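# Report on the structure
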Amino acid sequence: MKPFVCFNKVSHQYQSNTTHKVQALTDINFHINKHEFVAVVGPSGCGKSTLLKLITGLMSPSEGSVEIFGKTMHEPRNEVGIVFQKPTLLPWLSVLDNVTFPLKHQHGKVASEAKQYAMTLLKLVGLEQFAHQRPAQLSGGMQQRVGIARALILKPEILIMDEPFSALDALSREIMGFELLRIWEEEPKTVLFITHSINEAVLLADKVLVMSPRPGTVVEELPIDLPRPRNNTTLKHEKFAYYADILRDHIFQKHAALNE
Amino acid sequence: MNKALHRYLPILALLALIPLWELICYLANVPNYILPRPSVIYDAFINVDKMRWLEHLWATVRVAVLGFLLSIFISLPLAVLMVQSSFLNRTLFPLLVIIQSTPVVAIAPLLIVILGAGEAPRLAITCLITFFPIVVSTTTGMLSTPSELIDLSRSLKGSVFRQIWQIRFPFAIPHIFSGLKVGITLAIIGAVISEFVAAEKGLGYFVQFSTSYFKIPQAFAALLFLSIISLLLFQTIRWIQAIFFAWSLPAEEQK
Ligand SMILES: Nc1ncnc2c1ncn2[C@@H]1O[C@H](COP(=O)(O)OP(=O)(O)OP(=O)(O)O)[C@@H](O)[C@H]1O
Ligand SMILES: [Mg+2]
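Per chain, residues are indexed from 1 in the order of the written sequence. To label them, take the chains in the order written and letter them from A, then take the ligands in the order written and number them from 1. With pLDDT at 70 or above as the cut-off, local features in this predicted model cover only qualifying residues; side-chain atom pairs require 80 or more to be listed or tallied, and sums for whole chains, interfaces and linings still use all residues. Only heavy atoms go into the side-chain values, all of them from the structure, while hydrogens and water stay out.

### A look at unusual backbone geometry
Residue and element names in this part refer to chain A. Looking along the chain, the bond that leaves Arg228 and enters Pro229 is cis, with omega of -5°. In this structure, Lys9 is a non-glycine residue whose phi angle is positive, near 45°. With respect to the helices and strands, Lys9 occurs in strand β1 (residues 5-15). A simple rule labels every residue: compare its accessible area, found with a 1.4 Å probe on the protein chains alone, to the largest value its type can have, and call it buried under 20%, exposed over 50%, or partly exposed in between. By relative accessible area, Lys9 is classed as exposed at 59%. At Phe69, a residue that is not glycine, the phi angle is positive and equals roughly 50°. Numbering of helices and strands starts at the N terminus; helices are DSSP runs of H or I of at least 4 residues and strands are runs of E of at least 2.

If you want it as structure tokens, here you go:
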């Protein structure tokens, strides 16, 4: 079977001003299979958000190619849905209208079937009774769920999430992790999940990519072989700490090498 | 009851100043040409025909409101252009600052030479004085749109028009209303300045006319009218925001 997402020798430089260049990513190679849940961890500034911009087609890499379904990405496509770090909902729209916003933005209008589908999605994220409220009346975690529903409205095959829970407190964060897994099991998608948290990566993912500090590259691809469905008991699984340790070693080794 | 009191307390406090004013002027024997007492101002107000008041009032409100609307029609598209093109932003902004910092009183006579003696120069002067805060607040608001939403728009391949109309512009609404609130009070100032320079009616003209005949209490009556108009117009902007854009008010004002 062909991989869904494929990075071939991808490097990216930012031209920050006329003379100065920032090498954000170098020689990235990996692939993601259908309905796989892949997490990316790495220190701040290693190029995770750059990776996201390349995968969503918002930018093209300076070298190499990003392929989705075997075709090179040249521009954004509806098959890719994005969940941002902050929920960034539109405060003047109701929760329901926020979920259908991508359709409104793309076509100028929203069909009534689409509204029904949006209601289904709100039910999926557990917010159907808040459909007609304004985002300001929702908690941070609830807003982020609306963000997830918004990313799903165009029925993407691939869901990209850039540290989606980092603005939440530790408790909501854990709950949202399990929520995300439940949603993912009900609506299987290929997921690329960017995070700072090693535990979150191990808990959620089938495979974790570890990135080195700038210039960022993938230094380790670690398959996580923990039973699904994952829940609170997964955290106590004997291999959980083992995987977390491996990841921690990889991340801090690089840091130590850098400091010498 | 408590809530109503809370609401009307500022007005009551203002009204309470009137007897105080009367008393102080009476006790200190302040001459009318320096600070007339409220009762004297009231007499002066009664002495002028109601139709004349209405005529002057209407002339000023008309110039202020039309000039203000005109400046909105100019400012909003200008702000959109400046947000879309950093070149325009960099060239137009210094120009706007220059226009804003040139005293309008100095340009007013020129405008009358250029635009003739009708209503046009008065509208132009009002517009000139009000449009700067509106442009600045609108551009600031549009540029403060979270970059994630612009990324979202790009990932959806939304047109530039929809990016402005569905995302940037609504995001700027709270800022735009701050600009409008500053703008509307300036509009009254603009109208009065324009009437000082060239007019045969309007409250500004009436103030000047009254003082030149030493009818100070009459001028004060006109001044009070001007303050009341300013307050009412300002309040109208707040009402419009509260009725149509309630979401854009800070949480404690949404009640
Ligand atoms: N538009 C840009 N112009 C120039 N340099 C940039 C630009 N965007 C990012 N960079 C640089 O590229 C590198 C990677 O940035 P990126 O935002 O991808 O990191 P990140 O891993 O997402 O960081 P964080 O974990 O803090 O979100 C950083 O060193 C950053 O300074
Ligand atoms: Mg980032």
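Let us keep going from here.
### So, the sheet that holds strand β3 (residues 37-41) of chain A
Residues and elements named next belong to chain A. Across the sheet, 6 strands lie side by side as β6-β7-β8-β3-β9-β10; this open sheet has mixed pairing. Edge positions in the sheet fall to β6 (80-83) and β10 (218-223), since each of these pairs with one other strand and no more. Each adjacent strand pair in this sheet contributes to an overall mean axis angle of 15°, direction not counted. A strand pair is defined by DSSP finding two or more bridges across the two strands. With 5 bridges connecting them, β3 and strand β8 (residues 190-195) associate as parallel partners. Of the residues in β8, the one forming a bridge with Ala39 is Phe193. Working convention: axes come from line fits to C-alpha atoms, limited for helices to the stretch in contact. Angles between N-to-C directions cover 0 to 180 degrees.

### Let's talk about the sheet that holds strand β4 (residues 63-68) of chain A
Residue and element names in this part refer to chain A. Taken in spatial order, the 4 strands line up as β2-β1-β4-β5 in an open sheet, and their pairing is antiparallel. Two strands bound the open sheet, and with one partner strand each, they are β2 (21-32) and β5 (71-72). Of the strand pairs in this sheet, β1 and β2 are connected by 8 bridges, and their pairing is antiparallel. What sits directly across from His12, in β2, is Leu25.

### With respect to the site of ligand 1
Residue and element names in this part refer to chain A. Any residue with a non-hydrogen atom lying within 4 Å of a molecule or strand is treated as near it. Lining the immediate environment of ligand 1, one finds 14 residues, of which Ser44, Gly45, Lys48, Ser49 and Thr50 sit closest. Polar contact is defined as a pair of N or O atoms within 3.5 Å, subject to the rule that within protein one atom must be able to donate a hydrogen and the other to accept it, and that residues adjacent in sequence are counted only when both atoms are side-chain atoms. One nitrogen or oxygen atom from the main chain of Gly45 is found 2.8 Å from an oxygen atom belonging to ligand 1. Separating an oxygen atom of ligand 1 from a side-chain N or O atom of Thr50 is a distance of 2.5 Å. Of all the secondary-structure elements, those providing two or more residues to the shell around ligand 1 are β2 and α1 (48-55). With 3 residues, α1 is the single largest residue contributor to the shell around ligand 1.

### Digging into the packing of aromatic side chains
Put simply, two rings from Phe, Tyr or Trp (the six-membered ring, in Trp's case) pair if the centres are within 6.5 Å, and we call them stacked under 30 degrees between planes, edge-to-face over 60, tilted for the rest. Applying the stated criterion to the full structure yields 18 aromatic pairs over all chains. Taking 5.4 Å as the distance between ring centres and 85° as the angle between the ring planes, the aromatic pair formed by A:Phe37 and A:Trp184 counts as edge-to-face. Highlighted residues: A:Phe37 in strand β3 and A:Trp184 in helix α6 (residues 170-186), separated in sequence by 147 residues. Across the pair, exposure class does not vary: A:Phe37 and A:Trp184 are buried alike. The rings of B:Tyr42, B:Phe45, B:Trp53, B:Tyr205, B:Phe206, B:Phe209, B:Tyr213 and B:Phe225 are connected pair by pair, giving a single aromatic cluster. One residue, A:Lys155, lies across the ring of A:Tyr117, its end atom 4.5 Å from the ring centre. In this scheme, Lys NZ or Arg CZ marks a charge over a ring once it lies within 6 Å of the ring centre and within 35 degrees of the ring normal.

### A look at the environment of B:Leu23
In this fold, B:Leu23 is placed in helix α1 (residues 2-28). It is 43 Å that separates the C-alpha atoms of B:Leu23 and B:His175, two residues lying 152 residues apart in sequence.

### Description of the interface of chain B and chain A
Taken residue by residue, the interface counts 18 residues in chain B and 22 residues in chain A. Carbon and sulfur atoms make up 66% of the surface buried where chain B meets chain A, a total of about 2000 Å² over both sides. Definition used for salt bridges: Asp or Glu carboxyl oxygen within 4 Å of a side-chain nitrogen of Lys or Arg. Viewed at the interface, chain A and chain B are joined by 3 salt bridges. One can count 9 residue pairs in polar contact (both at pLDDT 80 or more) joining chain B with chain A. Taken together, the elements giving at least two residues each to the side of chain B that touches chain A come down to α7 (147-155) and α8 (160-197) of chain B. What makes two residues a contact is simply this: any of their non-hydrogen atoms within 4.5 Å. Buried area is calculated as the accessible area (1.4 Å probe) missing from two parts once they are joined, with the contributions of both summed.

### Some details on the nonpolar core
Ranked by size, the top nonpolar core spans 73 residues in total, and within it A:Val5, A:Phe7, A:Ile28, A:Leu51, B:Phe68 and B:Leu180 carry the most contacts. For this core, the element with the most residues is α8(B), which contributes 14 residues. Discounting chain neighbours no more than four positions away, the residues touching A:Phe7 are A:Ile28, A:Asn29, A:Phe30, A:Leu51, A:Leu54, A:Ile55, A:Ser65 and A:Val66. Each nonpolar core is a collection of buried residues, namely Ala, Val, Leu, Ile, Met, Phe, Trp, Tyr and Cys, held together in the definition by side-chain atoms within 4.5 Å. In this structure, A:Val83, A:Leu96, A:Val202 and A:Leu222 belong to the second largest nonpolar core, which totals 54 residues.

### Some thoughts on the pairing of β6(A)
For a regular strand, side-chain orientation follows a simple rule: the groups alternate between the two sheet faces. Residue and element names in this part refer to chain A. The alternating pattern of β6 places Val80 and Ile82 and Gly81 and Val83 on opposite faces, both of which are buried. Strand direction decides the pairing type here: β6 and strand β7 (residues 158-162), joined by 4 bridges, are parallel. Along β7, the bridge assignment pairs Ile82 with Ile160.

### Quick word on the pattern of salt bridges
All names here are of chain B. On inspection of all chains with the given rule, the structure shows 16 salt bridges over all chains. Notably, a salt bridge pairs Glu22 with Arg37, separated by 3.4 Å at the nearest N-O pair. With Glu22 in helix α1 and Arg37 in the loop between α1 and α2 (38-47), this pair connects stretches of sequence that are 15 residues apart. Take Arg37: its relative accessible area is 25%, and that puts it in the partly exposed class.

### Remarks on the side chain of A:Gln144
All names here are of chain A. When you line up the elements, Gln144 lands in helix α5 (residues 140-152). In terms of polar contacts, Gln144 uses its side chain to reach the backbone carbonyl oxygen of Gln85, at 3.2 Å. Ignoring anything within four residues of it in the chain, the contact list for Gln144 reads Val83, Phe84, Gln85, Lys86, Pro87, Pro164, Phe165 and Met176.

### Quick word on helix α5 (residues 104-115) of chain B
All names here are of chain B. Residues of α5 that are buried include every one of Val104, Ile107, Ala108, Leu111 and Ile112, and no others. The arc that holds every buried residue of α5, seen down its axis, measures 150°, which confines them to one face. Facing away from the buried side of α5, by more than 90 degrees, are the exposed residues Leu110 and Val113. Close packing links the buried residues of α5 with α6 (120-143) and α8. Downstream of α5 by one or two residues, Gly116 has phi in the positive range, about 85°. Working note: the arc is built from the helix axis to C-beta atom directions.

### Quick notes on the state of the cysteines
Any cysteine sulfur atom paired with another within 2.5 Å is treated as part of a disulfide. Throughout the structure, instances matching the rule amount to 0 disulfides over all chains. A:Cys6 takes part in no disulfide bond, and the closest cysteine sulfur, belonging to A:Cys46, lies 20 Å away.

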